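# Architecture at a glance
Chain by chain, the residues run as shown.
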Amino acid sequence: MYVTTAVIGAGHAGLAASHFLTAASVDHVVLERGEVANSWRHERWDSLRLLTPNWLSRLPGAAYEGPDPDGYADMGEVVDLLERSAKDVPVRTGVNVTSVRRSPEGYTLTTSEGPIRARTVVIASGACNRPVMPAFDVPARVEQVTPFDYRNPSRLPDGGVLVVGASATGVQLAAEIQRSGRPVVLSAGEHVRMPRVYRDRDVLWWMHHAGVWAQRYDELDDLTRARRLPSPQLVAGSTLDLNALTSMGVELVGRLSTIRDGAALFSGGLRNVAALADLKLNRLLDTFDEWAGTAPGERHEPTRVPASARWRLDLRSGEIGSIVWATGFRPDYSWLDVPVVDEKGALVHDGGVVGDGLYALGLPVLRRRGSTFICGIEDDARDVIGHLVQGLKSA
Amino acid sequence: MSNGVNVQALLDAREVLKGAPEAAQFTWRASSKWQHGVHSTTKIEKFFGLGQEQSHKNESVFEADHPAIFAAEDNGITPIEYLLVGLAGCLTAGVASVAQNRGIKLNSVEASVEGGHDIRGILGADPDVRNGFNDIKVVFTIDADASPADIEALVAQSQKRSAVFDALTNPTNVTVEVA
Ligand SMILES: Cc1cc2nc3c(=O)[nH]c(=O)nc-3n(C[C@H](O)[C@H](O)[C@H](O)COP(=O)(O)OP(=O)(O)OC[C@H]3O[C@@H](n4cnc5c(N)ncnc54)[C@H](O)[C@@H]3O)c2cc1C
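Everything numeric here is computed off the predicted structure, so don't read it as measured data.

Counting secondary structure elements, chain A contains nine helices and 24 strands. Here chain A has a C-alpha radius of gyration of 22 Å; the compact-globule value for 395 residues is 21 Å, and the two agree. For chain A, the C-alpha atoms occupy an extent of roughly 65 × 55 × 40 Å along the three principal directions. A burial count over chain A gives 54% of its 395 residues as buried. Of the contacts made within chain A by residues no fewer than 6 positions apart, 69% connect residues no fewer than 24 positions apart. Carbon together with sulfur atoms contributes 48% to the accessible area of chain A, which is approximately 17,000 Å² in total.

Residue and element names in this part refer to chain A. With respect to spatial proximity, 30 residues lie near the ligand, and among them Glu32, Ser39, Leu51, Thr52 and Ile374 are the closest. Arg33 is positioned such that a nitrogen or oxygen atom in its side chain is 3.0 Å from an oxygen atom of the ligand. The separation between an oxygen atom of the ligand and a polar main-chain atom of Leu51 is 2.7 Å. Contact with the protein chains hides 94% of the accessible area of the ligand, taken as 970 Å² for the molecule alone. Those elements that place two or more of their residues in the shell around the ligand are α1 (12-23), β2 (28-32) and α2 (38-42). When residues of the shell around the ligand are assigned to their parent elements, the largest contribution, three residues, is made by α2. Partitioning the shell around the ligand into residue classes produces 16 nonpolar, eleven polar and three charged.

Residue and element names in this part refer to chain B. Domain parsing of chain B yields domain 1 (1-77) and domain 2 (78-170). The centre of domain 1, based on its C-alpha atoms, is set 17 Å off from the matching centre of domain 2. Every contact between the two is made by 17 residues of domain 1 and, on the other side, 15 residues of domain 2. Where domain 1 abuts domain 2, roughly 1,200 Å² becomes buried across the two surfaces, and 67% of that area is made up of carbon and sulfur atoms. Applying the counting rule to domain 1 against domain 2 returns zero salt bridges. Counting only elements with at least two residues in the side of domain 1 that touches domain 2, the list comes to α1 (7-18) and β4 (52-64). When its residues are assigned to classes, the side of domain 1 that touches domain 2 shows ten nonpolar, five polar and two charged.

Let us now look at the sheet that holds strand β12 (residues 184-187) of chain A. All names here are of chain A. A sheet is described by the order of its strands in space; here five strands give the open sequence β10-β21-β11-β12-β17, paired in parallel fashion. Of all strands in the sheet, those with a lone pairing partner are β10 (143-145) and β17 (251-253), marking the two edges. Here the average twist between neighbouring strands, direction ignored, is 20°. Note: β12 against β17, three bridges, orientation parallel. Residue pairing in the sheet places Ser187 in a bridge with Val253 of β17. Lying on the sheet, helix α4 (residues 168-179) is in contact with β11 (160-164), β12 and β21 (320-325); it crosses β12 at an angle near 170°.

Another point: the interface of chain B and chain A. Counting residues at the interface gives 14 residues for chain B, matched by 15 residues for chain A. Both sides together, the interface formed by chain B and chain A hides about 1,100 Å², and carbon and sulfur atoms give 51% of it. Residues Lys160 of chain B and Glu190 of chain A are paired through a salt bridge, measuring 3.2 Å at the closest nitrogen-oxygen approach. Put simply, the parts of the chain that give the side of chain B that touches chain A at least two residues each are α4 (148-160) and α5 (163-169) of chain B. The element that contributes the greatest number of residues to the side of chain B that touches chain A is α4 of chain B, accounting for seven residues. Of the residues assigned to the side of chain B that touches chain A, the class counts are five nonpolar, six polar and three charged.

Turning our attention to the pattern of salt bridges. Residue and element names in this part refer to chain A. Applying the stated criterion across every chain yields a total of 32 salt bridges over all chains. Two residues, Arg196 and Asp202, come together in a salt bridge whose shortest N-O distance is 2.8 Å. Taken as a pair, Arg196 and Asp202 share a single burial class, namely buried. The residue Arg299 makes a salt bridge to Asp286 at a minimum N-O spacing of 2.8 Å. Pair noted here: Arg299 is in the loop between α8 (270-292) and β20 (312-314) and Asp286 is in helix α8, with a separation of 13 residues, a long-range link.

Residue and element names in this part refer to chain A. Segmentation of chain A into domains returns domain 1 (2-129 + 331-394) and domain 2 (132-325). Its C-alpha centre places domain 1 at a distance of 28 Å from the equivalent point of domain 2. In this assembly, 30 residues from domain 1 lie in contact with 30 residues from domain 2. Summed over both partners, the interface of domain 1 with domain 2 buries about 2,600 Å², with 58% contributed by carbon and sulfur atoms. When the buried area of domain 1 at its contact with domain 2 is split by residue, Trp45, Leu51 and Arg369 rank highest and sum to 30% of it. Counting across the interface, domain 1 meets domain 2 through zero salt bridges. Taken together, the links from domain 1 to domain 2 amount to 16 residue pairs in polar contact (both at pLDDT 80 or more). When grouped by side-chain class, the residues that make up the side of domain 1 that touches domain 2 number 14 nonpolar, seven polar and nine charged.

Calculation criteria
Residues numbered from 1 in each chain as written. Chains lettered and ligands numbered in written order. Predicted model: local features only at pLDDT ≥ 70, side-chain atom pairs only at ≥ 80, totals over all residues. Heavy atoms only, no water. Helix = DSSP H or I, 4+ residues; strand = E, 2+ residues; numbered from the N terminus. Rg over C-alpha atoms; globule rule 2.2 N^0.38 Å. Buried < 20%, exposed > 50% of the residue type's maximum accessible area, 1.4 Å probe, protein only. Contact = heavy atoms within 4.5 Å. Areas by Shrake-Rupley, 256 points an atom, 1.4 Å probe, with all protein chains shown as cover. Near = heavy atom within 4 Å. Polar contact = N/O pair within 3.5 Å; in protein donor to acceptor, adjacent residues only side chain to side chain. Nonpolar A, V, L, I, M, F, W, Y, C, P; charged D, E, K, R; others polar. Domains from an automatic or database assignment. Buried area = accessible area lost by both parts, 1.4 Å probe. Salt bridge = Lys/Arg side-chain N within 4 Å of Asp/Glu carboxyl O. Pairing = 2+ DSSP bridges. Axes fitted to C-alpha atoms, helices over the stretch in contact; angles between N-to-C directions.

Structure (structure tokens):
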């Protein structure tokens, strides 16, 4: 089989790419190892709802049309949105791409359904293919769970739960596990604090309208840093910062440094990561006020850090039954046999342009701060596919 | 505007070392000699970095001892107090560098550092008490041409990039051998 463009992955990024390829009359195929919206169907926990409100869930060819634009979609609704957006997309599901290599005409893809030749390739295989799990020597009696294994608290063993990581995933899981009656110790490194609502509007309304998410990758002071920024402490419907968790009874500890002789050792720098997050939050709210041209709105109580947070937790005492690793996700490029991945496993690209007809979509701050969010894909896909189409014309 | 920190040199070094991790490997060295009682003298002059042997302009000499209430001669500060010297020096250097980088003029920077220490640990009087500090508190008093929030951000960023803050707040593998 030969196509001008092979798109790998039928998440919202691959589907958006297809819309712009179709608009430019480029013959293409979207290859998906599972089903459309595979990650949302199989790699998320039961209670998850989007942290982005429905009105922001706009994809090329589909937008939220339900009765609750200010609500937050559950996984069924997200799958539904992606399926609607996939209606006219040439997706081939159940096709696993196991290798992509250079060829004289472009690229040769090896797939579970046979080889495919393509002039150009769009990598839309996702930024979150594998949970990141630090390699520590955890005592065998403590069960270890990643966000991909986790479905709901009832599947965790009894006893306390150490949740490592305080970004969106970590705070959400910490809250629901604590509510289930299992005492949670939450290990927090650097994090991004956000209130759900600022001046009566969803904080993401502000991010969107004040232009924060539209900031371009080539105009940021420190792109490397921006691309490594953890996800914000947000959950559907309410504020879930460290203060909210403390009020629920969650115990805060510092960043997990190591596990030594069966004990987890946490950094003594919790106060500073909280101070950094508080300062950054206030600067963000200042930007909103500046954009709105109004006097400052409400400011938040500084993060309450325990007077002396525990820095040692014995994992052999029975206090902790399981560890939930909410330590982030990484992409998987094990199938990519083109030397475009750096020593840290990141794809080397300039705004989604890898070079030689190879492109990427859906990576952190690919072209804009909002690149990984559903609402950020349309502008990115337009630009990236625009570049691809231009390349085809000039070749 | 200058606080006397050559920030450009630091930023240049950051760019160069990004692509040369070997050159970024430094070894700091100290050598000490027992004098008498609990008094020892530690000298520091040479170190390794940027791929070769380096030297301070001058050798520095540090006396460590214990105060008279420990029935010692007090020829110098106690070893654990040197950690406070390191922390104060590191955080203050950080404040100055970050301020320089952010274009903030510093008029004065003072820090008081306190380490709470239950000495029953080192005396072996209570096996449940640790040997080291229980907690450390640093209070900065900074006069600068900047808002209170900007000054707090300087102090926060300086902790984030501090070698000694990291060394004190996180565990480090330490190997002690007999030659
Ligand atoms: C827990 C979690 C919560 C999130 N919540 C939100 C939110 O609330 N709002 C928001 O806007 N964003 C959210 N995101 C971010 C982002 O929207 C999702 O990560 C989204 O899934 C990314 O879409 P994508 O198309 O880039 O990748 P994916 O949805 O991961 O799609 C990639 C597709 O490629 C397929 N694939 C991968 N490799 C191959 C291969 N070799 N061969 C064939 N097929 C392959 C996969 O099966 C998958 O279907 C969240 C992310 C996570 C992890």
